[in-house]
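Observations on the three-dimensional arrangement
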Amino acid sequence: MKKIALSLIGLLIIIQFIHPERNTSNDNTYAISKKYLIPDHVNTILTNACTDCHSNQSTYPWYSNIQPVGFWLNHHIEEGKEHLNFSTFLKLPIAVQNHKLEEVIETVEEGEMPMPSYTYLGLHSKANLSEEERGQLIAWAKAQMDTLKATYPADSLKMKPRPKRD
């Protein structure tokens, strides 16, 4: 039992020297703000509650330097960017952009975002959205979808069904 405990302690010490690559490129070449109007109050909400996991620029808390916490945070950021990356939003086809805005509305309405684990124990307290902030974010996303509807033909905003697999 003592050998196992010492091995675990040794492993924990060794992994402290291994750090995942940080999400700090801040490449905004295709950022949502290049095409979509984002009022200051909505930008503040996005910055406080969304962009750490959904952009190319994360702000890392001190505890991200402690492994395995750093690995866990990195996994959340990578997964968040896979679902929605505001820094590469304009690379997406217009139908996908429309769908992503629809998903923003849905996840905020249902309280799925920001993830509860992001705000546990008082962490990222600014990300705890009030009902007013949720409403502002939803209204903004709906307004962007309305702009798309007024700008593009309806069929170009629909996601194409995926082919059925046998």
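The coordinates are above.
Scope of this entry: the structure provided in the associated data block. (Residues numbered from 1 in each chain as written. Predicted model: local features only at pLDDT ≥ 70, side-chain atom pairs only at ≥ 80, totals over all residues. Heavy atoms only, no water.)

In this section: the packing of helix 2 (residues 40-49) against helix 6 (residues 131-151). As a packed pair, helix 2 and helix 6 sit with axes 10 Å apart at the nearest point and diverge in direction by 110°. Considering their axes alone, helix 2 and helix 6 lie roughly perpendicular with respect to each other. Across from His41, Val42, Ile45 and Leu46 in helix 2, the residues of helix 6 making contact are Glu133, Gln136, Leu137 and Trp140. Across the contact of helix 2 with helix 6, the residue classes tally to five nonpolar, two polar and one charged. (Axes fitted to C-alpha atoms, helices over the stretch in contact; angles between N-to-C directions. Helix = DSSP H or I, 4+ residues; strand = E, 2+ residues; numbered from the N terminus. Parallel < 35°, antiparallel > 145°, perpendicular 65-115°, else oblique. Contact = heavy atoms within 4.5 Å. Nonpolar A, V, L, I, M, F, W, Y, C, P; charged D, E, K, R; others polar.)

Scanning the model with the defined rule gives two salt bridges in all. In this structure, Glu103 engages Lys100 in a salt bridge whose closest nitrogen and oxygen atoms are separated by 3.6 Å. Placement of the pair is Glu103 and Lys100 together in helix 4 (residues 94-109), with a separation of three residues, close to one helical turn. Salt-bridge contacts for Glu109 lead to Lys142; the nearest nitrogen and oxygen are separated by 4.0 Å. Taken together, the positions of Glu109 in helix 4 and Lys142 in helix 6 put the pair 33 residues apart, joining distant regions of the chain. Judged by relative accessible area, which is 40%, Lys142 ranks as partly exposed. (Salt bridge = Lys/Arg side-chain N within 4 Å of Asp/Glu carboxyl O. Buried < 20%, exposed > 50% of the residue type's maximum accessible area, 1.4 Å probe, protein only.)

Glancing now at the packing of aromatic side chains. On inspection of all chains with the given rule, the structure shows two aromatic pairs. On the basis of an interplanar angle of 80° and a centroid distance of 5.6 Å, the ring pair of Tyr36 and Phe89 is categorised as edge-to-face. Highlighted residues: Tyr36 in the loop between helix 1 (2-15) and helix 2 and Phe89 in the loop between helix 3 (69-83) and helix 4, separated in sequence by 53 residues. Both residues of the pair, Tyr36 and Phe89, belong to the buried class. Consider the rings of Trp62 and Tyr63, whose centres lie 5.5 Å apart with planes at 85°: the pair is edge-to-face. (Phe/Tyr/Trp six-rings, centres within 6.5 Å; stacked < 30°, edge-to-face > 60°.)

Here we take up a negative patch on the surface. Together, Glu21, Glu78, Glu79 and Glu82 make up a region of like negative charge exposed at the surface. Note on Glu82: relative accessible area 68%, which makes it exposed. (Patch = residues over 30% accessible without salt bridge, like charges linked within 9 Å, V, L, I, M, F, W, Y side chains within 5 Å. Areas by Shrake-Rupley, 256 points an atom, 1.4 Å probe, with all protein chains shown as cover. Lys, Arg positive; Asp, Glu negative; His and termini not counted. Charge placed at Lys NZ, Arg CZ, Asp CG, Glu CD.)

In short, the description is geometric, and any link to function would need to be established separately.
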